[in-house]
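Summary of structural features
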Amino acid sequence: MPRLTADQPVIMDVNPDSSIAEAYRTLRTNIEFSSVGKEMRIIMITSASRGEGKSTTAVNLAISLSQAGKKVLLIDADMRNSSIHRILRVDNKKGLANYLALQTELPEIITPTHIPNLSVIPSGTQPPNPAELLTMNQMDYLLGELKKDFHTIILDTPSALSVTDAQIIAAKSDGVLLVVEQGFVKRDAAKKVKAYLKHVNARLLGVVFNKINKANLDTYAGR
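Residues numbered from 1 in each chain as written. Predicted model: local features only at pLDDT ≥ 70, side-chain atom pairs only at ≥ 80, totals over all residues. Heavy atoms only, no water.

Observations regarding the overall build of the protein
The secondary structure content of the protein amounts to 10 helices and 7 strands. Across the protein, contacts joining residues at least 24 apart in sequence account for 79% of those joining residues at least 6 apart. Accessible area of the protein: about 10700 Å², with a carbon and sulfur share of 50%. (Helix = DSSP H or I, 4+ residues; strand = E, 2+ residues; numbered from the N terminus. Contact = heavy atoms within 4.5 Å. Areas by Shrake-Rupley, 256 points an atom, 1.4 Å probe, with all protein chains shown as cover.)

Regarding the nonpolar core
Within the largest apolar cluster, 36 residues are counted, with the highest numbers of intra-cluster contacts made by Ile75, Leu96, Leu100, Ile121, Met139, Leu146 and Leu155. Not counting residues up to four positions away in its chain, the partners in contact with Ile75 are Leu96, Ile121, Leu143, Leu146, Ile153, Ile154, Leu155 and Asp156. Counting residues in hydrophobic clusters, the runner-up holds 31 residues, among them Val10, Leu61, Ala62 and Leu74. (Core = buried A, V, L, I, M, F, W, Y, C linked by side-chain atoms within 4.5 Å. Buried < 20%, exposed > 50% of the residue type's maximum accessible area, 1.4 Å probe, protein only.)

Structural notes on the pairing of strand S6 (residues 175–181)
Among the 7 residues of S6, 7 are classified as buried, and the element is accordingly described as predominantly covered. Burial of S6 is two-sided: the residues Gly175, Leu177, Val179 and Glu181 facing one way and the residues Val176, Leu178 and Val180 facing the other way are all buried. Judged from the 5 bridges that link them, strand S1 (residues 42–47) and S6 form a sheet pairing that is parallel. Across the sheet, Thr46 pairs through a bridge with Leu178, a residue of S6. Pairing geometry for S6 and strand S7 (residues 204–210), over 6 bridges, is parallel. Bridge pairing in S7 places Val176 opposite Leu204. (Pairing = 2+ DSSP bridges.)

Remarks on the pattern of salt bridges
A complete count under the given rule lists 10 salt bridges for this structure. A salt bridge links Lys70 to Glu32, with the shortest nitrogen-to-oxygen separation between them at 3.2 Å. Of this pair, Lys70 sits in the loop between helix H3 (54–67) and strand S2 (72–76) while Glu32 sits in helix H2 (residues 19–34), and the two are 38 residues apart along the sequence. We classify Glu32 as partly exposed; its relative accessible area is 30%. Of the charged contacts, one joins Asp156 and Lys54 as a salt bridge, the two residues approaching to 3.1 Å between their closest N and O atoms. Taken together, the residues span a long stretch of sequence, with Asp156 in strand S5 (residues 152–156) and Lys54 in helix H3 at a distance of 102 residues. The same class applies to Asp156 as to Lys54, namely buried. Where salt bridges share partners, they join Glu39, Arg41 and Lys147 into one cluster. (Salt bridge = Lys/Arg side-chain N within 4 Å of Asp/Glu carboxyl O.)

Notes on unusual backbone geometry
Peptide bonds are trans in most cases, and residues, glycine excluded, mostly fall at negative phi. Even without glycine at this site, Arg89 takes up a positive phi of about 55 degrees. In the Ramachandran plot, Asn201 falls in the positive-phi region, its phi being about 60 degrees despite a non-glycine side chain. Within the secondary structure layout, Asn201 lies in the loop between helix H9 (187–199) and S7.

Some points on H9
Under the 1.5 Å per step criterion, the end-to-end length of H9 is 18 Å for 13 residues, consistent within 8% with the ideal 18 Å. Looking one or two places after H9, you find Asn201, whose phi comes out positive at around 60 degrees. (Expected span 1.5 Å × (residues − 1).)

Just geometry here; none of it tells us what the structure is for.
As structure tokens, then:
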């Protein structure tokens with residue numbers, strides 16, 4: 001999937017008939033098939049390293065699920081380098097970090113978007129100790145409460161090889177998607193991420209190859 005930046009429009013929102021949007025719908029379908037007989041309410045998105053397009057994938061997947069009629073919540077759990085609020089243009093004064101630090105209440109951090117069925121919890125004020133906040137019981141309580149109101153919760157996390165945040169969240173998730181930039185990440189790095197996820201008993205749903213040449217994608221879609 002070609003990668004967008006926070007300054008570009010979200011393809012699932014502005015061009016849902018494009019070949020790129022169709023690729024995200026295919027990803028949605030594959031997740032739905034992989035969850036047959038198993039609960040798949042909390043899905044984590046990560047990558048091996050920064051800049052591979054995990055946040056773009058998280059946003060577009062969330063929109064794809066919401067367009068299918070599901071009530072979706074997208075959480076920016078990358079409290080070190082947040083971007084979801086810029087991509088979806090929502091306020092980031094209060095968010096996940098503020099809630100986990102007991103500075104605000106849950107209703108204050110959930111922000112509806114202009115996209116039907118899609119809400120967002122931004123990362124909030126950048127904390128000095130993101131990993132410590134994620135290990136608190138408050139995070140488990142938050143996810144439990146959110147599952148009462150949302151069908152699917154998507155968590156965008158930091159890259160798995162840079163900090164421990166992704167491993168902490170993976171252990172709390174029903175499944176994990178690994179975003180890999182085509183031709184950028186080495187096989188050993190991807191294997192290392194897989195080992196990290198296995199260590200916390202996380203379920204790897206699959207790998208999303210990102211930043212694929214658009215000409216090749218259009219050729220494939222036209223077959």
